[in-house]
Amino acid sequence: MSSNVIAPEQFKGQTNKVEQDDLIVAQLKRGEQSALRKLYNIHGKRVYALSLRLSGDREIAEDITQEVFVQIWQKIHNFRGDSKFSTWLHSVASNVAISHMRKQKAWWRSWFGSDEQNETELANIKTNDDLTNHDLSRSGLDKHIAKLPEQARIVFVLFAIEGWRHEEISKELNIAVGSSKSQYHRAKQLLQITINSELDG
Amino acid sequence: MSINNIEEKDVLTQAQELPKELTPERDLWAGIEQAIAKTPQQNGYETSISWQQFGKIAAAFAPIALVLGIWLSTSNEASRNSNWTNPLIASYEIQKKQLLQNVNLEHPIVNNWQSSMKELELAEKALIKALKNQPEDPALMKMLNQVYQSQISLIQKAYKPQLQTYHQI
């Protein structure tokens, strides 16, 4: 079966999830707090994964995740149903994460720190993982992503993992499309360098 | 180099295969529950009423907007900033302007200071934009203050001898 053909069970699963989201949104709009709990149970881990990868810090990711669900509660009436609810939720999560990170010192260090400085920091990362072949452990790659310079990390996560376009990233981060592309290439190169240096022992 | 070296495309493939869900180490629900108990929902109905009234309000303010538009189009950006942004921004803009007025811009002692200034101005714009969404956020205000101080220091560093002479006069 071709990879882009959705199996009937998978299609049914996706449809059920959308219907479930619609029901929860209606309950939220009526002010039912229990609906937010349901929403958190369904999407909490997804939002946390995005927050953790964008921030590269567990505690900050926890704060962001909580803030996302509080904002969903507050702003649910802004969701008009023009897109899938999960798309809107991820967009809120990315906005909250980036806004939260703008308040952190590291964000501004990534603007003012030189490339050389950032790359030296990256080269000094010490890890205990025993990686002996191409098949990186998932936690291994996440660990390297977390250590990327802030701007490069955000662009890489949004583009490579979340599937955003560079135009969307540039708008969100208030940077040029070209900068988004160059940060992405920089992230890929830095990841390649650090992973290979680790493989070389 | 090891024979195990990975290529850039392998990095992308690995990234796309990362799990979409991760479990936080602590329960985050309790904090959310506490926060929403104190947080009212923004009412969509009130918002739509406001939009209905918006037309009338806009019509009432149209003459003022027209005068304002003419004034904005004839005044320069610096004067607009000093009138429309908060006192912190205005005071630094004046300080920056005064410093630059008293130096010969063609003779800096630090090369490429303008490119550093551009980065700082980019940061300044991003912070002002963020402050529009979160007015008077103390962390943002503090960072904006630091960005302005860095701008002033950069000018002072680039034109140190000239500015020393100016202050002696």
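Student: Outline the overall build of chain A, supporting the account with residue identities and numerical values.
Tutor: Across its full length, chain A carries ten helices and zero strands. A burial count over chain A gives 34% of its 201 residues as buried.

Student: Kindly report on the overall build of chain B, identifying the contributing residues and their values.
Tutor: Helices and strands together make up the secondary structure of chain B, namely eight helices and zero strands. Per-residue burial for chain B yields a buried fraction of 13% across its 169 residues.

Student: Got a sec to walk through the interface of chain B and chain A? Specific residues and values, please.
Tutor: Of the residues lining the interface, 41 residues belong to chain B; the matching set on chain A comes to 45 residues. Ranked by residue count, the leading element in the side of chain B that touches chain A is helix α1 (residues 8–16) of chain B, at seven residues. Residue composition of the side of chain B that touches chain A, by class: 20 nonpolar, 13 polar and eight charged.

Student: Describe helix α7 (residues 138–158) of chain B, naming the residues involved and giving the relevant values.
Tutor: All names here are of chain B. Here α7 is 21 residues long and its end C-alpha atoms lie 30 Å apart, about the 30 Å a rise of 1.5 Å per residue gives. Those residues of α7 not exposed but buried are L140, M143, L144, V147, Y148, Q151, I155 and A158. All buried residues of α7 project into a common sector of 140° when viewed along the axis, lining one side. Opposite its buried face, α7 presents the exposed residues P138, K142 and S153, each directed more than 90 degrees away.

Student: Kindly report on the packing of helix α9 (residues 166–173) of chain A against helix α10 (residues 177–199) of chain A, identifying the contributing residues and their values.
Tutor: All names here are of chain A. In contact at an axis separation of 8 Å, α9 and α10 are set at 105° when each is read in the N-to-C sense. What the angle tells us is that α9 and α10 run roughly perpendicular. Across the interface between the two elements, H166, E167, I169 and S170 of α9 pack against V177, S180 and K181 of α10. For the contact of α9 with α10, the class distribution of residues is two nonpolar, three polar and two charged.

Student: Which residues make up unusual backbone geometry, and what are the values?
Tutor: Within the chain, N174(A) stands out as a residue other than glycine whose phi angle is a positive 60°. By the secondary structure assignment, N174(A) is in the loop between α9 and α10.

Student: How would you sum up the nonpolar core? Please name residues and give values.
Tutor: F69(A), V155(A), F156(A) and V157(A) are the most contacted members of the largest nonpolar core, which totals 49 residues. The set of elements that each furnish at least two residues to this core consists of α1 (8–29), α2 (33–55), α3 (58–75), α4 (85–102), α8 (150–161) and α10 of chain A together with α1 of chain B. A123(B), A126(B), L140(B) and M143(B) belong to the second-largest nonpolar core, a separate cluster that totals ten residues.

Student: An account of the packing of α2(A) against α4(A) is needed here, citing residue identities and associated values.
Tutor: Two measures define how a pair of helices packs: the angle their axes make with one another and the distance between the axes. Residue and element names in this part refer to chain A. The geometry of α2 relative to α4 is characterised by a closest axis approach of 10 Å and an angle of 35° between their N-to-C directions. For the crossing formed where α2 meets α4, the hand is right-handed. In contact with H43, V47, L50, S51, L54 and S55 of α2, α4 contributes S86, L89, H90, A93, S94, A97 and M101.

Student: For the environment of L141(A), give the residues involved together with the corresponding values.
Tutor: Relative to the assigned elements, L141(A) resides in helix α7 (residues 138–146). Separated by 54 residues in sequence, L141(A) and I195(A) place their C-alpha atoms 8.3 Å apart.

Student: Residues and numbers for the confidence of the model for chain A, please.
Tutor: All names here are of chain A. For chain A, per-residue confidence averages 79 on the pLDDT scale, and residues scoring 70 or more make up 74% of the total. When pLDDT is averaged over each element of chain A, α2 comes out on top at 94 and helix α6 (residues 115–123) at the bottom at 48. Note that pLDDT drops below 50 for residues 118–138; the model gives that stretch 25 contacts with residues more than four away or on any other chain.

Student: Break down the environment of A187(A) for me, citing the residues and quoting the values.
Tutor: Turning to its location among the elements, A187(A) is positioned in helix α10. Along the chain, A187(A) and R153(A) lie 34 residues apart, while their C-alpha atoms are 6.5 Å from each other.

Student: Outline the confidence of the model for chain B, listing residues and values.
Tutor: All names here are of chain B. Confidence in the prediction for chain B averages 71 pLDDT; 62% of positions are at 70 or higher. Here residues 45–54 scores under 50 on pLDDT; set against residues more than four positions off or in separate chains, the count is one contact. Across residues 78–84, confidence stays below pLDDT 50; counting only partners more than four residues off in sequence or on other chains, it has ten contacts. The ipTM value of the predicted complex is 0.76, and its pTM value is 0.58.

Student: Would you mind going over α1(B) in detail, with residue names and values included?
Tutor: Residues and elements named next belong to chain B. Of all the residues in α1, the buried ones are V11, Q14 and A15. In a view along the axis of α1, the buried residues occupy a sector of 100°, so they form one face of it. Turned more than 90 degrees away from the buried face of α1, the exposed residues are K9 and Q16.

The rules behind each value
- Residues numbered from 1 in each chain as written.
- Chains lettered and ligands numbered in written order.
- Predicted model: local features only at pLDDT ≥ 70, side-chain atom pairs only at ≥ 80, totals over all residues.
- Helix = DSSP H or I, 4+ residues; strand = E, 2+ residues; numbered from the N terminus.
- Buried ≥ 20, exposed ≤ 12 C-beta atoms within 10 Å, placed from the backbone.
- Contact = placed C-beta atoms within 7 Å.
- Nonpolar A, V, L, I, M, F, W, Y, C, P; charged D, E, K, R; others polar.
- Expected span 1.5 Å × (residues − 1).
- Arc of directions from axis to C-beta.
- Axes fitted to C-alpha atoms, helices over the stretch in contact; angles between N-to-C directions.
- Parallel < 35°, antiparallel > 145°, perpendicular 65-115°, else oblique.
- Core = buried A, V, L, I, M, F, W, Y, C linked by C-beta atoms within 7 Å.
- Left-handed = near helix turned anticlockwise from the far one by under 90°.
- pLDDT = per-residue confidence, 0-100.

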